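# Coordinate inspection notes
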Amino acid sequence: MLPVFWIAAIVAIVSTVMVITRANAIHALLYLIVSLLAVAVMFMVLGAPFVAMLEIIVYAGAIMVLFVFVIMLLNLGPKGVEQERRWLKGGVWGGPCVLTFILLVEVGVMLSRSGIAESPAIVPVPPKEVGIALFGPYLIGVQLAGILLLGGLVAAYHIGRPEPRDEEKPT
Amino acid sequence: MTIPMEQGLMIAGVLFILGLVGLMVRRNVVFMLISVEIMLNAAGLAFVVAGARWGAADGQVMFLFILAMAAAEVAVGLALVLRIFGQNKTLDIDAANALASSVSVGFQEPAIAQAGEPIVAPTDAQTKSPDESATRGETDPC
């Protein structure tokens, strides 16, 4: 399992370097998604399949979609349309595709060997144990996370609300 | 152990430092948020590596908490990004210095060290800051 882990780690580090050196935000997001997928593969190797799935679903799914929404909101107009046209024909996705293909081959090798359970020293922690720990000794943490998410929701709604300019202008 | 804990923690440290470098180098607010996400992800990786070392579920539980915190943080942060862009028409974090009234006046040192009138200088700065905010509000088209 060691080469699989190291290849995933190298992919993660390379894609993270690409993230912080890109000039275009969308290109950086593509490489960031690859980095998160590589970290998810590392979680699989480490025997944490539940967290690996959550990494893909929540990080690479929900949070990245938020970033894409905001970036798309920020460059509207004809310049944005021209940029879209350039993205469609350019080979921007070449690097992320190569890195993701490496990860795909890794997952295929792991699944074909049924490697997670066969690994001698790694003891996988199944989702059941995580759930038991989450709702047993860490129950107060779950409630605090719920309160934090509610606070984040209220704050994001309050900050992102359009400013009531119309009430100020007549006065 | 086929994967020693030191190597996993080293990778987590490398990812965290990359995120920190990105946070310090970039001046774009969106890139700074992305760098913060990288750092949070590296911290979660360290937790999962340590949890896998002992075969315990606690590391994964901590990663779930980090995940929830990152989701809340990115929601608030992106709302702030939208608000900063609406106010300044740029994503440059250096443009969001409305709280530093002495900076936009011209980076004068606070006139406390001046031997003359130490009380007049702060009131001068106070009288200037409402004008600035008024002009900023006028130039804001939305």
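Attention in this report is confined to the structure presented alongside it. Remember, predicted model here, so these are calculated numbers, not experimental data. (Residues numbered from 1 in each chain as written. Chains lettered and ligands numbered in written order. Predicted model: local features only at pLDDT ≥ 70, side-chain atom pairs only at ≥ 80, totals over all residues. Heavy atoms only, no water.)

### Examining the overall build of chain A
Note the cut-off: Per the convention used, a helix needs a DSSP run of H or I reaching at least four residues, while a strand needs a run of E reaching at least two, with both numbered from the N terminus. When accessible area is computed with a 1.4 Å probe and restricted to protein chains, residues below 20% of their type maximum are described as buried, those above 50% as exposed, and intermediate ones as partly exposed. Whether two residues are in contact is decided by their heavy atoms: any pair within 4.5 Å suffices. With residues, only the protein chains shown are counted as cover, and all accessible areas are computed by Shrake-Rupley using a 1.4 Å probe.
Each helix and strand in chain A was counted, giving nine helices and zero strands. From first element to last, N terminus to C terminus, chain A shows the α and β order α-α-α-α-α-α-α-α-α. A buried classification covers 38% of the 171 residues belonging to chain A. A fraction of 70% describes how many contacts in chain A between residues 6 or more apart in sequence connect residues 24 or more apart. Accessible area for chain A stands at about 9500 Å²; split by element, carbon and sulfur atoms hold 74% of it.

### Structural notes on the overall build of chain B
Helix and strand counts for chain B come out as five helices and zero strands. Traced from its N-terminal end to its C-terminal end, chain B shows the element sequence α-α-α-α-α. A buried classification covers 35% of the 142 residues belonging to chain B. Taking contacts inside chain B between residues at least 6 apart in sequence as the whole, the part at least 24 apart equals 60%. On chain B, roughly 7400 Å² of surface is accessible, and the fraction owed to carbon and sulfur atoms is 66%.

### Thoughts on the side chain of Thr16(A)
Structurally, Thr16(A) can be placed in helix H1 (residues 2-21). Taking relative accessible area as the criterion, Thr16(A) reaches 1% and is therefore assigned buried. Contact partners of Thr16(A), with chain neighbours within four places excluded, come to Ser35(A), Leu15(B), Leu18(B) and Ile38(B).

### Topic: helix H3 (residues 49-74) of chain A
Residues and elements named next belong to chain A. Worth spelling out the cut-off: Multiplying 1.5 Å by the helix residue count minus one yields the expected span of that helix. Bend is computed residue by residue as the angle between axes fitted to the seven residues ending at the residue and the seven residues starting at it.
When the terminal C-alpha atoms of H3 are compared, their 36 Å separation across 26 residues agrees well with the 38 Å that a helix rising 1.5 Å per residue should span. At Met-64, H3 shows its maximal bend, which comes to roughly 30°. Among the residues of H3, those classed as buried are Val-51, Ala-52, Leu-54, Glu-55, Tyr-59, Ala-60, Ile-63, Met-64, Phe-67, Val-70, Ile-71 and Leu-74.

### With respect to the environment of Leu67(B)
For Leu67(B), the position within the fold is in helix H3 (residues 58-88). In sequence terms Leu67(B) and Ile11(B) are 56 residues apart; their C-alpha atoms lie 19 Å from each other. If we ignore the near neighbours within four places in the chain, the residues touching Leu67(B) are Leu54(A), Val58(A) and Tyr59(A).

### Points about the packing of helix H2 (residues 29-54) of chain B against H3(B)
Helix packing for two helices is described by the angle between their axes and how far apart those axes are. Residues and elements named next belong to chain B. We apply this condition: Between N-to-C directions, angles span 0 to 180 degrees; the directions come from axes that are lines fitted to C-alpha atoms, helices contributing only their stretch in contact. For classification, angles of less than 35 degrees are called roughly parallel, those exceeding 145 degrees roughly antiparallel, those between 65 and 115 degrees roughly perpendicular, and all remaining angles oblique.
Where H2 contacts H3, the axes come no closer than 9 Å and their chain directions differ by 175°. The pairing of H2 with H3 is recorded here as roughly antiparallel in orientation. Side by side, H2 and H3 meet where Val-29, Val-30, Leu-33, Val-36, Glu-37, Leu-40, Asn-41, Ala-43, Gly-44, Phe-47, Val-48 and Gly-51 of the first sit next to Gly-59, Met-62, Phe-63, Ile-66, Met-69, Ala-70, Glu-73, Val-74, Gly-77, Leu-78 and Val-81 of the second.

### Considering the interface of chain A and chain B
Using the following cut-off: In this description, buried area is defined as the sum, over both parts, of the accessible area (probe of 1.4 Å) that is lost when the two are combined. Just to be clear on terms, a salt bridge is a Lys or Arg side-chain nitrogen sitting within 4 Å of an Asp or Glu carboxyl oxygen. Nitrogen and oxygen atoms within 3.5 Å of one another constitute a polar contact, given that in protein one can donate a hydrogen and the other can accept it, and given that sequence-neighbouring residues count only through two side-chain atoms.
With 62 residues of chain A at the interface, the matching set in chain B holds 58 residues. Summing both sides of the interface, chain A and chain B together bury roughly 5200 Å²; the carbon and sulfur share of this comes to 80%. For the chain A face of the interface with chain B, the top three residues by lost area are Ile20(A), Tyr59(A) and Leu74(A), together amounting to 13%. Put simply, chain A and chain B have zero salt bridges between them. For the pair chain A and chain B, the interface holds seven residue pairs in polar contact (both at pLDDT 80 or more). When residues of the side of chain A that touches chain B are traced back to their parent elements, those giving at least two are H1, helix H2 (25-45), H3, helix H7 (127-134) and helix H8 (139-160) of chain A.

### Focus on the nonpolar core
The test is simple: The nonpolar core is taken to be a set of buried Ala, Val, Leu, Ile, Met, Phe, Trp, Tyr and Cys residues, with the residues joined through side-chain atoms within 4.5 Å. Domain limits in this description derive from either an automatic procedure or a database domain assignment.
Core analysis: the biggest nonpolar cluster contains 75 residues, and Phe67(A) and Leu45(B) have the highest contact counts within it. Sorting the residues of this core by element identifies H1, H2, H3, helix H5 (94-112) and H7 of chain A together with helix H1 (5-25), H2 and H3 of chain B as the ones contributing at least two each. In terms of residue count, H2(A) provides more of this core than any other element does, 16 residues in total. The two domains that each donate at least three residues to this core are domain 1 (2-124) and domain 2 (126-171) of chain A. Setting aside its immediate chain neighbours within four residues, Leu45(B) contacts Val39(A), Met42(A), Phe43(A), Ile11(B), Ala12(B) and Leu15(B).

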